Structure formats: structure tokens, C-alpha cells
Amino acid sequence: MTDMAGSLALPREMRHFIEGREVESADGRRGELLSPVDEAVFATYAFGGEEDVDKAVSSARAQFDHGEWSRLSGYDRGLLLNKLADLIERDADLIAEMDAACIGRPAMEPRILDLPNAIQTIRTSAGWADKLEGRTIPTPGYLGRPTISYTVHEAVGVVAAITPWNTPFMITCWKVGPLLAAGCTVVIKPSEETPMSALHLARLVKEAGFPDGVVNVVTGSGSVIGNALVRNPGVDKVTFTGSPGVGKHIQQEAAEDFKRVSLELGGKSPQIVYADADLAEAVAGCAMGIFFNQGQICAAGSRILVHEDIAEIFAQQFAAVAESIVVGDPAQEGVQMGPVAKKAQFDRVNDYIRKGIDAGATLMAGGVSEYTQGWFVKPTVFANANNDMVIAQEEIFGPVATIIPFKDEDEAIQIANGTVYGLGATVWTSDVKRAHRLAKRVKAGAVGVNCWAPIDARLPWGGVKQSGIGRECGLAGVMAYTEEKVITVVTD
């Protein structure tokens, strides 16, 4: 496992981070991290329970209610966030190696996308920290007496941030940067597969000078730690990125005491390719949209809708790209795609590939991967599919593309909107009028034209339908961690 880390030393034993200190679980239990490449244990971490959650929430609650953090101005919060960004930048290579080792992806990917985006998110959040302005609202007055009414945005309180395993550090920063800018405190629950970078972030928070207890991390299972956080009366808001099934459960549990929730859930994002698109650019862009990070992205462009005039040639060229991808140990030179993150995901993806074959879709590349050692899945392409197939409707979360032909714009929109999801979409065309029409008609939280998933720290991100509730990043992401209070003063 040392090869995956290169010359950078990854931690071998990890503990919770509560009130500025690394601590073991109350019952001493530990979990193991397995390498997706060879299935060897390469690190252990504290496997927490409800008692650990209670301590972490109490720590965050104390800082929010009456600690040093509660007295800091937005300007001072911004200074601390910029210091944190500097430290993340310093340790960017190490953090990229952490996430790569846990997930099994080439470290180049988090280096070129995840870490720059995470750093930008922290810096952008820092810029908003002292600019959360209210409004002055004129009214007729109160019982004939003049008044002045204004609003202020106050931090919502203690946040439980439950993060996924696919791009762990970036999405953790999507939550932590904005909520700290707003003045909240947080307990982070990272995925069991990827606790390493969240714990490192907590250490950097302390190094940057944040008061102890502002950021806490409790590691362990979602069924225990996640549920305990959602049910804890000291938590005011839950922000979660993950599957729709878990998101529904969180929403139901949070409703017991009306906790605020933000949910960024699954996707089955369409990429609509017209005959007038630059074919080479569309093929390469669509390939990135489904094969980046082994296809383990909620916004993965897994449904590729291609105009019937070019459907055949597109499928041939796209399949050739898939077949050319070098799959193997991401630490080895020349490898472009590593394994999927865990054995359950390996089994899930292969099961969907079998369903695609059984449904009659044309297998153009890849296919079912046999299990030997490590969880390697071949990039797989189906053509001549229709939108009723399981592989076109359900989120696979792996390197499996489904190419569906369409004849006109109305059919393209019908297919694009014909799922329960609505996270992202892409339109490949040289016709600017068509691009604007399709962008308006597609039901999705974000639409890229001639580019896949153009995420940016300044742009709000989130979905519609069963892809989630709320937005992350940008000003909308910061405001999501505030409540607007109205103050009315009788002036005469």
C-alpha cells in the first residue's frame, strides 16, 4: 500500500477529532480501511458510537452558543478561512494522495480537480463571511406609529455534515467553507471508506487558529453515527451528500424536531449530442463525463443521447475511447483508471452490466468484469438502448455509459427528463439558439453547454426532483446556513 502514497506518508492509525483533540472511541472500537487495489488493510480508524457523537455535538454547541467563535465578526471568520485555505494549499498533494488511496483513483484526478476546487471554495466562502447583509423594508408602521424594519442573517447553529466517499475532501469543503463563513459550527461524519482527508482537514482547522470545537469529526458507520447525528437535539441542520434512499431517511428523521436539511443526492445526467456538434470534442467530453473517477460521480453523464444521424459513428468512436483506457493499479505509470471504491460497488456495477446485456442493449465495449484481486471494472459502453431500460433509469455509479438515439428536440427532452433525477445535464451543439432552448427545457440543477459538469466555487450546485434539496457553493451555499430574522423598531 505504500506505493499508492508515493513518497508522502499517510496516517496508519486515526482517531476522532473532538474539541480540538484526537480521541479514541468511547468503547475503543476500530475500523479498517481496505485498499481497492489489493484489498489489503492499510490503515485503521476510530469506530464511533452515540457517546462519541454526543461529545462532538456538545463541543460544537458550546462554541456556537457562548464560545469564542460566537463572538467573532464575519471579517475575523474570513481571515481564519483564508489561513485554512493556505494550509490546504500547502498540503494539497498529501490530501490528494489520501483520497486517492482510499478510493483507488489516480492521484492526478483529485490534484487537478478536487483540491483546486476545495481551495477555491474555502477562499470564496471567506470572501462572503463579512458580506451577509440584511435589508431595510419600508412598512406603513405599527398602529399608526412610524417604524423601521430590517432583517439580519443569523447562523442556523450546529450542523451535522454527512459526506460521501466518491470525492470526499472536495465535498467536505463544499459544506465546511460556507457554514463556517455563516458562523455555524459543525460535526463532520465522513464515509467509512474515506475518513482520512476529513480528519486532516480538522487538524488544519486547529493549525489555522480556529477555536477548539468549531470543527469536529466523528468516524464510523452511517447507520450509527449518521443516525445519531440526525436525531441529536443539539443539531440544528443536517447537510448530506449521498444516495436518495439515505436522503429520504434523513429527511424523515429530521422532521421529528424540524431540523433544516440540505440534500445533494443521486443523478442520471443526460448528455445530449447533436449532429452539428464537434464530434471529437463531444466524444472526449462525454467520455470524461462518465469515466472520470471510475464513473463514481453523482453528476456522471451516464445517459448519452445522440441524434440518430450520428448515433452509429458516435457509438463506434466512443467505444474505441473506452477500450483504450488503461485500467489497473493507479500508482503504476500509464494507468488511467483504477478500481471502484469497494467490493459492494464492484458487484453492483457488474450486476447492472448483466441487466443491460439481458435487456438487449448492444455491448460496444467492456462488459462483465471477473473478480480476481482488487475491484477493477472495465469501462463499458452500451448502444442502441432505450430510456425504459434499467441501465437508463437507475444510478449505476460506475464506468457504464448508455447511448440512446433520438430523432428531434422534443424526443431528446422527453428522454432527458424521463427519470426521477435532475442533477446535471450537458448539451453538445454549435447552435447557440438550440443550446439556450434545451438548457431551459431540461429539468436539472445545472446545465453545461459543450462542457460537462462545469462546477465552480462561485456557482451554486444542487438538483431538482429526487436529486436533492438546496444548493451548495457560491452565495447560495453560504446563505443556506443562515436564517433571516426581522427586527421592527417603533421610532416615535
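Quick look at the structure, then. (Residues numbered from 1 in each chain as written. Predicted model: local features only at pLDDT ≥ 70, side-chain atom pairs only at ≥ 80, totals over all residues. Heavy atoms only, no water.)

1. Let's talk about the overall build of the protein chain
- Counting its regular elements, the protein chain contains 15 helices and 21 strands.
- Against the 2.2 N^0.38 benchmark of 23 Å for 492 residues, the protein chain shows a C-alpha radius of gyration of 23 Å, consistent with a compact globule.
- Its C-alpha atoms put the protein chain at 75 × 60 × 40 Å along the principal axes.
- Burial status across the protein chain gives 58% buried among its 492 residues.
- Split by element, the accessible area of the protein chain, about 19500 Å² in all, is 51% carbon and sulfur. (Helix = DSSP H or I, 4+ residues; strand = E, 2+ residues; numbered from the N terminus. Rg over C-alpha atoms; globule rule 2.2 N^0.38 Å. Buried < 20%, exposed > 50% of the residue type's maximum accessible area, 1.4 Å probe, protein only. Areas by Shrake-Rupley, 256 points an atom, 1.4 Å probe, with all protein chains shown as cover.)

2. Topic: the environment of isoleucine 112
- As for its placement among the helices and strands, isoleucine 112 is situated in helix 4 (residues 108-128).
- Overall, the relative accessible area of 55% leaves isoleucine 112 in the exposed class.
- Considered as a pair, isoleucine 112 and serine 223 are 111 residues apart in the sequence and their alpha carbons are 33 Å apart.

3. Things to note about the packing of aromatic side chains
- This structure, assessed with the given rule, holds nine aromatic pairs.
- Ring geometry for phenylalanine 314 versus phenylalanine 318: centroids 5.6 Å apart, planes at 15 degrees, classification stacked. Note that phenylalanine 314 and phenylalanine 318 are positioned in helix 10 (residues 311-324) at a spacing of four residues, about one turn of the helix. Each member of the pair, phenylalanine 314 as well as phenylalanine 318, carries the same accessibility label: buried.
- The ring of tyrosine 371 is capped by lysine 343, whose NZ or CZ atom sits 5.0 Å from the centre of that ring.
- Over the aromatic face of tyrosine 274 sits the side chain of arginine 434, whose NZ or CZ is 3.9 Å from the ring centroid. (Phe/Tyr/Trp six-rings, centres within 6.5 Å; stacked < 30°, edge-to-face > 60°. Lys NZ or Arg CZ within 6 Å of the ring centre and 35° of its normal.)

4. A few points about the state of the cysteines
- Enumeration over the complete set of coordinates arrives at zero disulfides.
- In this structure cysteine 286 is a free cysteine whose sulfur lies 11 Å from that of cysteine 451, the closest cysteine sulfur available.
- A relative accessible area of 0% means that cysteine 286 is categorised as buried.
- With a relative accessible area of 28%, cysteine 451 lands in the partly exposed category. (Disulfide = S-S within 2.5 Å.)

5. What about the side chain of threonine 219?
- Here threonine 219 is to be found in the loop between strand 10 (215-217) and helix 7 (222-231).
- Judged by relative accessible area, threonine 219 falls into the buried class, the value being 1%.
- In this structure threonine 219 touches His16, Tyr45, Ala46, Phe47, Gly48, Pro190, Pro195, Leu199 and Ile225, once residues within four positions along its chain are discounted. (Contact = heavy atoms within 4.5 Å.)

6. Focus on the layout of surface pockets
- Its volume calculated, the largest pocket comes out at about 770 Å³.
- Looking at the largest pocket, it is lined by 36 residues, and the ones nearest its centre are Trp165, Phe240, Gly242, Ser243 and Val246.
- Broken down by secondary-structure element, the contributors of at least two residues to the lining of the largest pocket are helix 7, strand 11 (237-241), helix 8 (244-254) and helix 11 (343-359).
- Broken down by element, the lining of the largest pocket gets its largest block of residues, five residues, from helix 7.
- Across the lining of the largest pocket, the residue classes break down as 14 nonpolar, 14 polar and eight charged.
- Empty space within the second largest pocket amounts to approximately 300 Å³.
- Elements represented by at least two residues in the lining of the second largest pocket include exactly helix 4, helix 9 (279-291) and helix 10.
- At four residues, the largest contribution of residues to the lining of the second largest pocket is made by helix 9. (1 Å grid on protein atoms, 1.4 Å probe; cavity = no way out; pocket = protein on both sides within 12 Å on 5 of 7 lines; lining within 4 Å. Points joined across faces, edges and corners; volume = space filled by probe spheres on them. Nonpolar A, V, L, I, M, F, W, Y, C, P; charged D, E, K, R; others polar.)

7. Some points on the nonpolar core
- One finds Leu84, Ile88, Leu180, Met196 and Phe210 to be the most contacted residues of the largest nonpolar core, which totals 82 residues.
- Per-element tally for this core: the top contributor is helix 6 (residues 196-208), with eight residues.
- In contact with isoleucine 88, not counting residues within four places along its chain, are Ile95, Leu115, Ile119, Ile122, Phe169, Cys173, Leu201 and Leu204. (Core = buried A, V, L, I, M, F, W, Y, C linked by side-chain atoms within 4.5 Å.)

8. Concerning the sheet that holds strand 6 (residues 136-137)
- Ordered in space as 6-7-21, the three strands form an open sheet in which the pairing is antiparallel. Where the open sheet ends on each side, the last strands, each with one partner, are strand 6 and strand 21 (482-490).
- The sheet contact formed by strand 6 and strand 7 (residues 147-155) spans two bridges and is antiparallel. The residue of strand 7 that forms the bridge with isoleucine 137 is serine 149. (Pairing = 2+ DSSP bridges.)

9. Topic: the packing of helix 7 against helix 8
- Between helix 7 and helix 8, the shortest axis-to-axis distance is 9 Å and the interhelical angle comes to 35 degrees. Read as a crossing pair, helix 7 and helix 8 show a hand that is right-handed. For the pair helix 7 and helix 8, the contacting residues are Asn227, Val230 and Arg231 in the first and His249, Ile250, Glu253 and Ala254 in the second. (Axes fitted to C-alpha atoms, helices over the stretch in contact; angles between N-to-C directions. Left-handed = near helix turned anticlockwise from the far one by under 90°.)

10. Things to note about the sheet that holds strand 17 (residues 400-406)
- The mixed open sheet is built from seven strands, whose spatial order is 15-16-17-14-13-18-19. Where the open sheet ends on each side, the last strands, each with one partner, are strand 15 (362-365) and strand 19 (446-449). Across the sheet, the axes of successive neighbouring strands diverge by a mean angle of 20 degrees, strand direction being ignored.
- Looking at chain direction, strand 13 (residues 270-273) and strand 18 (residues 424-428) are connected through three bridges and run parallel. Along strand 18, the bridge assignment pairs isoleucine 272 with valine 427.

11. Thoughts on helix 6
- The end-to-end C-alpha distance of helix 6, which contains 13 residues, comes to 19 Å, matching closely the 18 Å that a straight helix rising 1.5 Å per residue would cover.
- Every buried residue belonging to helix 6 is among Met196, Ser197, Ala198, Leu199, His200, Leu201, Ala202, Leu204, Val205 and Ala208, and all of these are buried.
- Where helix 6 ends, the next residue or the one after it, glycine 209, has phi of about 105 degrees, a positive value. (Expected span 1.5 Å × (residues − 1).)

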